[in-house]
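Coordinate analysis (summary)
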Amino acid sequence: MNGKKSHVVITRKLPEGIEARMRQLFDVEFNETDTPFTREALIAAAQRAEVLVPTVTDEIDGEIIAAAGPQLKLIAHFGNGTDNIDVKAAHKRGIAVTNTPGVLTEDMADFTMALIVAVSRRFVEGSRVIPGGQWSGWAPGWMLGQRISGKRLGIVGMGRIGHALAKRARAFGLQIHYHNRHPAAARIEEELQATYWDSLDRMLSRMDIVSVNCPHTPATFHLLSARRLKLLQPHAVLVNTARGEIVDEEALIELLEAGAIAGAGLDVFTHEPTVSPRLVRLAETGAVTLLPHMGSATLEARNEMGEKVIINIKTFTDGHRPPDRVLPEQ
Ligand code: 8YV
């Protein structure tokens, strides 16, 4: 881009060290207050930026892409999932899109494993008892959860995060089952002693715990539909740390309210940051554990995501192919 520093607009506050490096390399507009951009602010940013750095809280849809000025050449997403960006529309307008894969895998897998344990062993409910002054002492039949060891974990989506989760789950004594568009490499199946289920329906009806770990795409929207959720066994636990839209949230709420499954752990929701009051009520009864989209929230992940954004912008503006280019789904 002519030897002059590229104009980069960042929609949220990033780690200090990352912002300092960006200041050296680019002509950057930061968001000092960290207030999410309104739609109008996003459109205005797309009309002046050469590079836009959004996050999961920015909906970069076809209309915003259409309103972007001709100077916008790159959307360097600070995040792994790009379901908030109309990648196809960007591609058509010659705007490249990059993301930050790989650097949040281990943190996401730790977090998902922790949520599986927390829901099965009622950590959140238990943690409220002492501060609430409700503990009158131990009793043999009190706060009973479900044993994890020896149970069947069904992973929906055996990508990087699914694989990292499966490794942890093996150490907890879980049997690994998975559904994916394609079976994993034989080496991975062998390492995990994993069973591939071509039919998601059949897998769901046989699992004790189900974890959603696939990306949200048009093909995975409500992949766990009302019909499929009903296939879960009454003692099953569902954990979703991927995207709210993959599960039919209303149908899940109905199942939980009816006590038709044992519980759920959710870190993602259909209309973030708004969460259904019915889910909140279920959380109060202990039927569901709700967390505020914090699966990848570690200092290390945020710094490494920032590094990836810098590398993607720098390689692109230097005229090379950025390492984390995202292409539209075929
Ligand atoms: C990030 C995520 O925090 O990267 C993702 O896809 O869902 C999150 O863990 C978020 O995307 C940051 O933009």
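Since the model is a prediction, treat every value here as computed from it, not as a measurement.

Reading guide: rules and limits
- Residues numbered from 1 in each chain as written.
- Predicted model: local features only at pLDDT ≥ 70, side-chain atom pairs only at ≥ 80, totals over all residues.
- Heavy atoms only, no water.
- Domains from an automatic or database assignment.
- Contact = heavy atoms within 4.5 Å.
- Buried area = accessible area lost by both parts, 1.4 Å probe.
- Salt bridge = Lys/Arg side-chain N within 4 Å of Asp/Glu carboxyl O.
- Polar contact = N/O pair within 3.5 Å; in protein donor to acceptor, adjacent residues only side chain to side chain.
- Buried < 20%, exposed > 50% of the residue type's maximum accessible area, 1.4 Å probe, protein only.
- Helix = DSSP H or I, 4+ residues; strand = E, 2+ residues; numbered from the N terminus.
- Arc of directions from axis to C-beta.
- Phe/Tyr/Trp six-rings, centres within 6.5 Å; stacked < 30°, edge-to-face > 60°.
- Axes fitted to C-alpha atoms, helices over the stretch in contact; angles between N-to-C directions.
- Left-handed = near helix turned anticlockwise from the far one by under 90°.
- Core = buried A, V, L, I, M, F, W, Y, C linked by side-chain atoms within 4.5 Å.
- Near = heavy atom within 4 Å.
- Areas by Shrake-Rupley, 256 points an atom, 1.4 Å probe, with all protein chains shown as cover.
- Parallel < 35°, antiparallel > 145°, perpendicular 65-115°, else oblique.
- Nonpolar A, V, L, I, M, F, W, Y, C, P; charged D, E, K, R; others polar.
- 1 Å grid on protein atoms, 1.4 Å probe; cavity = no way out; pocket = protein on both sides within 12 Å on 5 of 7 lines; lining within 4 Å.
- Points joined across faces, edges and corners; volume = space filled by probe spheres on them.

1. What about the domain arrangement of the protein chain?
- Assigned domains of the protein chain: these are domain 1 (7-103 + 299-317) and domain 2 (105-290).
- Using only C-alpha atoms to locate each centre, domain 1 and domain 2 end up separated by 31 Å.
- Domain 1 puts 8 residues into the contact, and the matching count from domain 2 is 7 residues.
- When domain 1 packs against domain 2, close to 550 Å² is buried across both sides, 36% of that on carbon and sulfur atoms.
- When the area that domain 1 buries against domain 2 is broken down by residue, the three leading residues are Val56, Asp83 and Gly102, summing to 60%.
- Across the salt bridge formed by arginine 243 and aspartate 83, the nearest N and O atoms sit 3.2 Å from each other.
- Inspection of the domain 1/domain 2 interface yields 3 residue pairs in polar contact (both at pLDDT 80 or more).

2. Points about helix H2 (residues 39-48)
- Along H2, the residues that are buried comprise Leu42, Ala45 and Ala46. All buried residues of H2 fall inside an arc of 100° around its axis, so they share one side.
- Of the surrounding secondary structure, the elements contacted by the buried residues of H2 are strand S1 (7-10), strand S3 (51-53) and helix H3 (62-67).

3. Describing the packing of aromatic side chains
- One pass over the full model with this rule turns up 1 aromatic pair.
- Note on tyrosine 178 and tyrosine 196: the rings are 5.2 Å apart at their centroids and 50° apart in plane angle, and the pair reads as tilted. You can see tyrosine 178 sitting in strand S7 (residues 175-179) and its partner tyrosine 196 sitting in strand S8 (residues 195-196), a full 18 residues away along the chain.
- On the accessibility criterion, tyrosine 178 (1% relative accessible area) is buried.

4. Observations concerning the packing of helix H11 (residues 249-257) against helix H12 (residues 277-285)
- Two elements in contact, H11 and H12, have axes whose closest approach is 10 Å; the angle formed by their N-to-C orientations is 35°. H12 is crossed by H11, and the crossing has left-handed handedness. Residues Glu249, Glu250, Ile253, Glu254, Leu256 and Glu257 of H11 form the contact with H12, whose participating residues are Arg278, Leu279 and Leu282.

5. Let's talk about the nonpolar core
- Among the nonpolar cores identified, the biggest contains 32 residues, and Leu224 and Leu229 are the most heavily contacted of them.
- Per-element tally for this core: the top contributor is H11, with 5 residues.
- Sequence-distant contacts of leucine 229, that is, excluding residues within four places in its chain, are made with Leu224, Leu238, Val247, Asp248, Ala251, Leu252 and Leu255.
- Counting residues in hydrophobic clusters, the runner-up holds 24 residues, among them Ala109, Ile148, Ala184 and Ile209.

6. Here we look at the site of the ligand
- Surrounding the ligand, one finds Thr55, Val56, Phe78, Gly79, Asn80, Gly81, Leu104, Arg243, His293, Ser296, Arg302 and Met305.
- One of the backbone nitrogen or oxygen atoms of phenylalanine 78 is found 2.5 Å away from an oxygen atom of the ligand.
- Between the ligand and the protein, one listed contact pairs an oxygen atom with a side-chain N or O atom of arginine 243 at 2.7 Å.
- Starting from 330 Å² of accessible surface for the ligand in isolation, the protein chains cover 91%.

7. Concerning the packing of helix H5 (residues 105-120) against helix H7 (residues 160-171)
- Viewed as axis vectors pointing N to C, H5 and H7 meet at an angle of 50°, and their least axial separation amounts to 8 Å. Compared by their axis directions, H5 and H7 come out oblique. Crossing of H5 against H7: the hand is right-handed. Taken together, the residues of H7 that come into contact with H5 (itself represented by Thr105, Glu106, Met108, Ala109, Asp110, Thr112, Met113 and Ile116) are Arg160, Ile161, Ala164, Leu165, Arg168 and Ala169.
- Residue composition of the contact of H5 with H7, grouped by class: 8 nonpolar, 2 polar and 4 charged.

8. A few points about empty space enclosed by the protein
- If you walk through the whole model with that rule in mind, you get 2 cavities of 30 Å³ or more.
- Taken together, Ser120, Gln146, Arg147, Ile148, Lys151, Asp208, Ile209, His235 and Val237 make up the lining of the largest cavity.
- Looking at the lining of the largest cavity residue by residue, the class counts come to 3 nonpolar, 3 polar and 3 charged.
- By volume, the second largest cavity is sized at about 30 Å³.

9. A closer look at the layout of surface pockets
- The volume enclosed by the second largest pocket comes to roughly 200 Å³.
- Together, 18 residues line the second largest pocket, and Val119, Arg122, Glu125, Ala262 and Gly286 are the ones closest to its centre.
- Of all the elements in the fold, those that place two or more residues in the lining of the second largest pocket are H5, helix H6 (123-129) and strand S12 (288-290).
- Looking at the lining of the second largest pocket, its residues break down into 9 nonpolar, 6 polar and 3 charged.

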